[in-house]
Amino acid sequence: MSTVTKTRMTWFDANRVCAAIGVVLIHSATDFSGGVFPSAEPQERIVPVLMRALGEFSGSEMFFTFSLFLLAYKLDRRQPSWTGAVAEQAKRLLVPFALWTVFYALFRLVKANEFGYSQAILDEIGQWQSWAGYLLLGNSQYHLHFLPTLFLLVLFFPVMRLGQRYPIFGLMVIVTLGVMRDVQGIIWGLPVSGLTRDLLIRGAKVMGYVGYGFAAFAIYGLWKDGIPRGESHLLRRGAVFLAATALLATVPHFVQAMASGEWGPRPGWAFYGHFLMPLAIFSLFLGSQYAAWNPAWSRFARFTFGVYLLHPMLIDLFDVAVHASGLVLSPAALVLMRFTLVAPAALALAMAIGRMPAIAWTVGLGPLPWGRGKPLAAATQG
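Residues numbered from 1 in each chain as written. Predicted model: local features only at pLDDT ≥ 70, side-chain atom pairs only at ≥ 80, totals over all residues. Heavy atoms only, no water.

(A) Fine view of the nonpolar core. Grouped together as the largest cluster of nonpolar side chains are 88 residues, with contacts concentrated most on W11, F63, F69 and L177. Ignoring any residue separated from it by four or fewer positions in sequence, one finds F63 in contact with A19, A20, V23, F146, T304, F305 and Y308. Formed by 6 residues, the second largest nonpolar core is a distinct cluster that contains V49, A53, F254 and W263. (Core = buried A, V, L, I, M, F, W, Y, C linked by side-chain atoms within 4.5 Å. Buried < 20%, exposed > 50% of the residue type's maximum accessible area, 1.4 Å probe, protein only. Contact = heavy atoms within 4.5 Å.)

(B) Highlighting empty space enclosed by the protein. The final tally for this structure, using the stated rule, is 4 cavities of 30 Å³ or more. Within this model, the largest cavity holds a volume of roughly 160 Å³. For the largest cavity, the lining is made up of 14 residues, of which S67, L70, Q89, R92 and L150 are closest to its centre. At 6 residues, the largest contribution of residues to the lining of the largest cavity is made by helix α4 (residues 60-78). In this structure, the second largest cavity spans a volume of roughly 80 Å³. L71, K74, L75, R78, P80, A85, E88 and Q89 together form the lining of the second largest cavity. Those elements that provide at least two residues to the lining of the second largest cavity are α4 and α5 (82-115). Ranked by residues supplied to the lining of the second largest cavity, first place goes to α4 with 4 residues. Of the residues contributing to the lining of the second largest cavity, the split by class is 4 nonpolar, 1 polar and 3 charged. (1 Å grid on protein atoms, 1.4 Å probe; cavity = no way out; pocket = protein on both sides within 12 Å on 5 of 7 lines; lining within 4 Å. Points joined across faces, edges and corners; volume = space filled by probe spheres on them. Helix = DSSP H or I, 4+ residues; strand = E, 2+ residues; numbered from the N terminus. Nonpolar A, V, L, I, M, F, W, Y, C, P; charged D, E, K, R; others polar.)

(C) Structural view of unusual backbone geometry. In this structure, F37 takes a positive phi of about 50° despite not being glycine. Relative to the helices and strands, F37 is located in the loop between α2 (10-28) and α3 (46-55).

(D) Region of interest: the pattern of salt bridges. Per the stated rule, a full pass over the model turns up 10 salt bridges. Its salt-bridge partner being R266, residue E56 comes within 2.7 Å of it at the nearest N-O pair. One end of the pair, E56, is in the loop between α3 and α4; the other, R266, is in the loop between α12 (229-260) and α13 (269-287), with 210 residues separating them in the sequence. For the pair shown, E56 and R266 are each scored as buried. Of the charged contacts, one joins D182 and R181 as a salt bridge, the two residues approaching to 3.5 Å between their closest N and O atoms. Through salt bridges with shared partners, one network takes in K111, D316, D319 and R338. (Salt bridge = Lys/Arg side-chain N within 4 Å of Asp/Glu carboxyl O.)

(E) Looking closely at the packing of aromatic side chains. Across all of its chains, the model carries 37 aromatic pairs by this definition. When the ring of F63 is compared with that of F66, the centres are 4.9 Å apart and the planes differ by 50°; the resulting orientation is tilted. With F63 and F66 both in helix α4 and 3 residues apart, this pair spans about one turn of that helix. Across from the ring centre of F115, 5.6 Å away, lies the NZ or CZ of K111, which sits over that ring. (Phe/Tyr/Trp six-rings, centres within 6.5 Å; stacked < 30°, edge-to-face > 60°. Lys NZ or Arg CZ within 6 Å of the ring centre and 35° of its normal.)

(F) Looking closely at the layout of surface pockets. In this structure, the largest pocket spans a volume of roughly 1,600 Å³. Lining of the largest pocket is provided by 48 residues; of these, H27, R52, Y142, H145 and K205 occupy positions nearest its centre. Elements with a contribution of two residues or more to the lining of the largest pocket: α2, α4, α5, α10 (172-188), α11 (194-225), α13 and α15 (304-325). When grouped by side-chain class, the residues that make up the lining of the largest pocket number 17 nonpolar, 17 polar and 14 charged.

And the structure:
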């Protein structure tokens with residue numbers, strides 16, 4: 001790859017870093033149980049809700065978008081068979097996922113013991129249906145859904161390639177997300193529950209998120225063909241407008257959360273504002289590809305999957321420490337302190353693990369200890 005191309009890919013690494021920051025922001029902006037401080041006054045929820053809104057500029061859906069963009073990049077270079085590509089992704093995604101599934105299933109007891117619900121977690125761990133949900137859906141911790149869902153999305157890469165060949169197919173994301181919303185609404189009304197309902201909901205989600213694949217492959221095709229400097233400036237201005245429009249669409253959702261103390265559903269355009277925001281932000285970074293990006297973005301980008309995987313553990317440890325100390329904090333102080341401590345701690349821990357060859361693979365920074373394989377967070381140069 002040419003030096004020019006490597007330089008231009010720094011925008012992609014910067015996007016990855018911002019996505020990791022966004023996910024930590026989102027998960028830091030809650031009370032101890034993941035809510036919106038329902039017992040607080042509405043004005044006390046302003047900072048948590050604003051943090052959540054800021055984090056959603058680049059959250060978990062962005063991880064799907066740039067992961068599928070990187071998949072398009074690698075498939076275009078190597079042209080593997082469907083079987084070969086799926087086998088490689090299974091090793092890179094599902095082996096670490098299995099480890100973290102077991103870890104978080106047990107680690108939750110740390111917080112549960114402090115907050116007095118350890119027996120409920122023990123009862124859950126003792127049921128086979130729980131482990132089926134852990135291993136199939138990533139239910140052992142709220143962030144682990146990403147790895148099995150991404151693997152299922154990889155299965156659809158042959159059809160996603162339509163986006164690379166015909167970028168107009170990138171607009172399929174609007175259709176697939178709309179279908180996902182309506183189908184999931186129907187599923188919630190069916191006389192099913194538990195694991196069966198969760199599997200149906202996840203199936204609809206996967207079909208909806210295939211749209212991100214169409215969009216990511218379309219964006220990759222445009223980037224590969226080359227976007228001149230002048231046109232990239234135009235793209236950046238358009239992306240800013242689209243991001244602002246998406247944010248405006250989500251304002252009613254956040255106002256409602258601040259008033260009620262519940263996140264609640266995203267009706268109407270708030271739904272599309274949330275789920276299309278990653279594509280607007282991704283396009284914003286793409287439109288800034290000719291900017292003088294600092295190489296530090298690429299150095300830190302290697303650790304973004306580690307930050308993603310580790311930050312819930314550190315959030316739980318922070319919550320345990322605050323609760324055990326008896327420290328009384330306002331909602332604003334709690335969420336700001338949590339984010340300020342957890343974000344750099346997750347990065348530092350990911351960097352430390354990355355220096356240990358025997359376990360670096362657990363955070364995507366090294367090949368598996370047996371056989372051959374590429375790390376989960378392989379460099380953008382492939």
